[in-house]
Amino acid sequence: MLDFYGQLQVAMQHCHSGWLGAFLISLSTTLATQNPDVLSHVNPLIGTTNGGNVFAGATLPYGLAKAVADVDGQNTGGFGMDGSNVTGFSSIHDSGTGGNPSLGNFPLFPQVCPDDDLNNCKFRIGDRKTGYVMDSVHAEPGSFGIQLESGVQANMTVSNHAALYRFRFPESKGSHPMIMLDLTDLWRSRQNASIDINEKTGRMIGNGTFLPSFGAGSYQLHFCVDFFGGHVHDTGVWVNNRAGTEPKRLYVTRGFNLFYLESGGFARFSTGPENVVTARVGLSFKDSEKACRNAEHEITDPLKGFDRLVEAAKEAWRDKLRPISVKSGGADENMLTSFWSGAYRNMISPQNYTGENPHWDTGRPYFDSFYCIWDSFRAQHPLLTILDPPAQAQMVQSLLDMYKHEGWLPDCHMSMCKGWTQGGSNADIVLVDAYVKNLSASIDWELALEAVTKDAEQEPLEWSYHGRGGLQSWRKYHYIPYLDFDPFGFGTNSRSVSRTLEYAYDDFCLATLAGGMGKNDLRDKYMRTSMYWQNLWKKDQVSVIKGQDTGYKGFFQPRYMNGTWGFQDPIACSALGEFCSLTSNPSETFEASIWQYLFYVPHATSSLISLLGGDDAFVSRLNFFHKSGLADISNEPVFLTVYMYHYAGRPGLSAERIHTYIPSAFNNSYGGLPGNDDSGAMGAFYFFSVLGLFPVAGQNVYLINPPFFEEIAIKHPVTGHTAVMRAVNFDSSYQNKYIQKATLNGKPWSRSWIGHDFFTEGGTLEVVLGRNESSWGRQPGDRPPSWAS
């Protein structure tokens, strides 16, 4: 068979234009079939129902501007495919945040007012909300489109700091279509806001002060809106359900008795023959002048540049996903879409706010929207370390910059505000994960050690949004006590069990960093404290479900300062109990049961196995946990438990277990995530699971499992080397799901884990699959590393 150039030479020799044209069309079709656009496998609508809270709109990788339709249903990420009502179109969002809706500031809303009478326009959210046509929704990387039941068609795209909207209005003779701006956000957290409208051009500038949806303090956001394609008919402001063409300025506070006032500005237009008005929205956290500059610099030709912006966004996404290539081996196309979409969603947040931080500017890139690290440290940041190490290095540096300027590493940070701490000091794990994987030589590791050590040794006055609480008791009792007496700092006096376990692993990570930097005394100290988890082990504690003893004895339990035991039902905070929130019903574990936290000793699993009675007892507990309904795949603490059979010498059971969750809990549908995506964490879990290499965050360890495709290759964006995960005897029905043997670059590989140099130096890890569990990876020396005191 002739190659491409051979065929082209033959075609040129024939030199018949018709024949050549037909040949090139045929050849381009063949090449497109062989090399489809990777973006064709990205579905931004996965997770827009069923509590996935995914941002489905137009964005660049890590971009500040995120444009989408906002609804009054599942709107945490702005839009939901739940058939609810559209309330506006806003240009900044977070993705997969859960809880209160995040951002969604200054939404625009297009409408045609009945009889062209300003008094007939609808301003308040409850009045203006409009249904959308389900089949009209179009979402792809870089653009979003939707048609409202009012007949208005909206299409949008973005640059880094600005959004571009095309509103096509239905034909209505003698009318002047309106675009209004609402001085609100999705959560209605606005404290005060202002707007100033240019009577001739319709330009709207202003700002507002808002509250972060899961944190402390407030933030200011500024906007600049310009209109194109229509002649301005009139402009003005509105408050509640009334509007007027005078004045052109408005300042609004929270209102009498904190009553929320709805208000904003509007412009009406005489439109051209296509009834289209284009709106360009610039944003800035610094000032409205910068918001205008951002928009003018990034979107220079609003009327003709829409398609160019869309294509630029697509190319930016292709570039980020280019390191990945897949040979599916006949696997279901829906799994391919879920795989690529998971990678895509991991690059929506954290967000690149370089030049937009009003509090400091180091001259380096600045990332925000770490929402929250308790969710993202387990899989999202390890995934970015592989797919986009330069961005991950900038995120690590941003965490260190927060430490330098705010005094502490964050556990959660959004909209330039401190977010609430959920578990331990989990930024410690992100930093150490970067260190053990040699992420970047530009990171100041001495500063990182200082920051992580401060978390372990100094208690802040307010530890609900950074640092650790109860450190005096930690040092005195070697655990966090139940109903701790802590006059040195303040936070939610709960989570004594989960904080003890998480602080212990944080200390292990600190010890790892200290040891790597030659600080052996510090290493030894924190290796000792990393075993404090053992002090909450109550060996005679039983667990009962619906009156029936599970037959398992020995669980972690809360413990008072005097050493006596408190009690938390081991099934509480699970799917078989009541969900445990940070504020509404705080418990001694956070968002997970004692059953689930039983397995959170990732640095000393061999010690835990001994405590439980050996390999068989450990496997029995894991099996019961996953089969009984106690395991909650919708939340991040369960991730590693799927693969912990490796530590008992049974990697085949990890392979068996993941097949009970994929594809049953993850699929290419609007509700295709089992729970909140948490900035991409669910997508990262799926990606690693399908890849066949699952990270143990904070350690240079990837647990080896059979991939869900025949071959997956990842070219390292920095070193240029390619890591290939290949399955021999792959079958897309997944009858062959057990590793029989493995080779690395042709040489036998018996260990059930591998290090990060597989990605940086490249190589081929080939696993031979079969229908039955084998002896591969079962010897004690082949198990993942584990610390034993």
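Rules used in this analysis
- Residues numbered from 1 in each chain as written.
- Predicted model: local features only at pLDDT ≥ 70, side-chain atom pairs only at ≥ 80, totals over all residues.
- Heavy atoms only, no water.
- Phe/Tyr/Trp six-rings, centres within 6.5 Å; stacked < 30°, edge-to-face > 60°.
- Helix = DSSP H or I, 4+ residues; strand = E, 2+ residues; numbered from the N terminus.
- Buried < 20%, exposed > 50% of the residue type's maximum accessible area, 1.4 Å probe, protein only.
- Domains from an automatic or database assignment.
- Contact = heavy atoms within 4.5 Å.
- Buried area = accessible area lost by both parts, 1.4 Å probe.
- Salt bridge = Lys/Arg side-chain N within 4 Å of Asp/Glu carboxyl O.
- Pairing = 2+ DSSP bridges.
- Axes fitted to C-alpha atoms, helices over the stretch in contact; angles between N-to-C directions.
- Disulfide = S-S within 2.5 Å.
- 1 Å grid on protein atoms, 1.4 Å probe; cavity = no way out; pocket = protein on both sides within 12 Å on 5 of 7 lines; lining within 4 Å.
- Points joined across faces, edges and corners; volume = space filled by probe spheres on them.
- Nonpolar A, V, L, I, M, F, W, Y, C, P; charged D, E, K, R; others polar.
- Expected span 1.5 Å × (residues − 1).
- Polar contact = N/O pair within 3.5 Å; in protein donor to acceptor, adjacent residues only side chain to side chain.

### What about the packing of aromatic side chains?
Link 1 in the chain: In the structure shown here, the tally under the stated rule is 49 aromatic pairs.
Link 2 in the chain: Seen in terms of ring centroids, Trp 420 and Tyr 465 are 6.2 Å apart; in terms of plane orientation they differ by 35°. Their pairing is tilted. Of this pair, Trp 420 sits in the loop between strand E23 (417–418) and helix H10 (427–436) while Tyr 465 is found in the loop between helix H11 (445–457) and helix H12 (471–477), placing the two residues 45 residues apart along the sequence.
Link 3 in the chain: A relative accessible area of 19% places Tyr 465 in the buried class.
Link 4 in the chain: Measuring from ring centre to ring centre gives 5.8 Å for Tyr 505 and Phe 508, while their planes differ by 15°; the resulting arrangement is stacked.

### A word on the domain arrangement of the protein chain
One frequently used descriptor of interface size is the decrease in accessible area upon assembly of the parts.
Link 1 in the chain: For the protein chain, the assigned domains are domain 1 (108–130 + 155–319) and domain 2 (323–546 + 587–782).
Link 2 in the chain: Inter-centroid distance (C-alpha atoms) of domain 1 to domain 2 is 41 Å.
Link 3 in the chain: Counting from both sides, the interface comprises 17 residues of domain 1 and, opposite them, 23 residues of domain 2.
Link 4 in the chain: Taking both sides of the interface into account, the surface hidden between domain 1 and domain 2 amounts to around 1500 Å²; carbon and sulfur atoms contribute 64%.
Link 5 in the chain: Counting across the domain 1 and domain 2 interface gives one salt bridge.

### Describing the sheet that holds strand E27 (residues 702–704)
The pairing of strands in a sheet comes from backbone hydrogen bonds and takes either a parallel or an antiparallel form.
Link 1 in the chain: The antiparallel open sheet is built from three strands, whose spatial order is E26-E27-E32. Because the sheet does not close on itself, it has two edges, and the strands there are strand E26 (693–695) and strand E32 (753–754).
Link 2 in the chain: Note that E26 and E27 share three bridges and pair antiparallel. By the bridge assignment for E27, Leu 693 is matched with Ile 704.
Link 3 in the chain: On the sheet, helix H19 (residues 681–691) packs against E26 and E27 and is oriented at approximately 140° with respect to E26.

### Focus on the state of the cysteines
Link 1 in the chain: Inspection of every chain in the model, using the stated rule, returns four disulfides.
Link 2 in the chain: Between the sulfur atoms of Cys 224 and its disulfide mate Cys 292 the distance is 2.1 Å. On the sign convention where negative is left-handed, the bridge of Cys 224 and Cys 292, at about 95° about the S-S bond, is right-handed. Of the two residues, Cys 224 sits in strand E13 (residues 219–228) while Cys 292 sits in helix H4 (residues 288–298), which places them 68 residues apart along the sequence.
Link 3 in the chain: In this structure Cys 224 comes out as buried when scored by relative accessible area, which is 0%.

### Considering empty space enclosed by the protein
Link 1 in the chain: Tallied over the full model, the rule gives six cavities of 30 Å³ or more.
Link 2 in the chain: Volume-wise, the largest cavity comes out at about 160 Å³.
Link 3 in the chain: Along the wall of the largest cavity there are 17 residues; nearest its centre are Phe 377, Arg 378, Tyr 600, Pro 602 and Leu 640.
Link 4 in the chain: Those elements that place two or more of their residues in the lining of the largest cavity are helix H15 (594–597) and E26.
Link 5 in the chain: By residue class, the composition of the lining of the largest cavity is 13 nonpolar, two polar and two charged.
Link 6 in the chain: Here the second largest cavity is characterised by a volume of approximately 70 Å³.
Link 7 in the chain: As for the second largest cavity, its lining consists of Pro 651, Gly 652, Ala 655, Ile 704, Asn 705, Pro 706, Lys 737, Tyr 738, Ile 739, Glu 773, Ser 774 and Trp 776.
Link 8 in the chain: Counting only elements with at least two residues in the lining of the second largest cavity, the list comes to helix H18 (651–658) and strand E30 (738–744).
Link 9 in the chain: With three residues, H18 is the largest single contributor of residues to the lining of the second largest cavity.
Link 10 in the chain: Here the residues of the lining of the second largest cavity sort into seven nonpolar, three polar and two charged.

### Overview of the sheet that holds E30
Link 1 in the chain: Judged by pairing direction, the sheet is mixed, and its six strands sit side by side in the order E19-E28-E29-E33-E30-E31 without closing on themselves. Looking at the sheet topology across the chains shown, the edges are occupied by strand E19 (324–327) and strand E31 (747–748).
Link 2 in the chain: In this structure, E30 lies alongside E31, joined through two bridges in antiparallel fashion. If you follow Thr 743 over to E31, its bridge partner there is Pro 748.

### Observations concerning the layout of surface pockets
Link 1 in the chain: Roughly 660 Å³ of internal volume is contained in the largest pocket.
Link 2 in the chain: Lining the largest pocket are 31 residues, with Gly 98, Gly 99, Phe 214, Gln 422 and Glu 591 sitting closest to its centre.
Link 3 in the chain: Grouping the constituent residues of the lining of the largest pocket by class yields nine nonpolar, 17 polar and five charged.
Link 4 in the chain: In this structure, the lining of the largest pocket is formed jointly by two domains, domain 1 (108–130 + 155–319) and domain 2 (323–546 + 587–782), each of which donates at least three residues.

### Remarks on helix H6 (residues 333–345)
Link 1 in the chain: Spanning 13 residues, H6 covers 18 Å between terminal C-alpha atoms, matching the ideal 18 Å at 1.5 Å per step.
Link 2 in the chain: Where burial is concerned, most of H6 is hidden: eleven out of the 13 residues are buried.
Link 3 in the chain: Residues Met 335, Leu 336, Thr 337, Ser 338, Phe 339, Trp 340, Ser 341, Gly 342, Ala 343, Tyr 344 and Arg 345 constitute the buried set of H6.
Link 4 in the chain: Its buried side turned inward, H6 meets strand E1 (58–59), helix H5 (306–321), E19, helix H8 (380–387), H19 and strand E28 (711–715).
Link 5 in the chain: At the N-terminal end of H6, a side-chain oxygen is found 2.6 Å from the backbone nitrogen of Asn 334, two or three residues along, and the residue is Asp 332.

### Structural notes on the pattern of salt bridges
Link 1 in the chain: Inspection of the entire model under this criterion finds 33 salt bridges.
Link 2 in the chain: Between Glu 315 and Arg 318 there is a salt bridge, and its shortest N-O distance comes to 3.1 Å. Placement of the pair is Glu 315 and Arg 318 together in helix H5, with a separation of three residues, close to one helical turn.
Link 3 in the chain: Since its relative accessible area comes to 35%, Glu 315 is described here as partly exposed.
Link 4 in the chain: Judged by its relative accessible area of 15%, Arg 318 is buried.
Link 5 in the chain: Of the charged contacts in the structure, one is a salt bridge between Arg 726 and Glu 711, with a shortest N-O distance of 2.7 Å. Residue Arg 726 is found in strand E29 (residues 722–728), and its partner Glu 711 is found in strand E28; the two are separated by 15 residues along the sequence.

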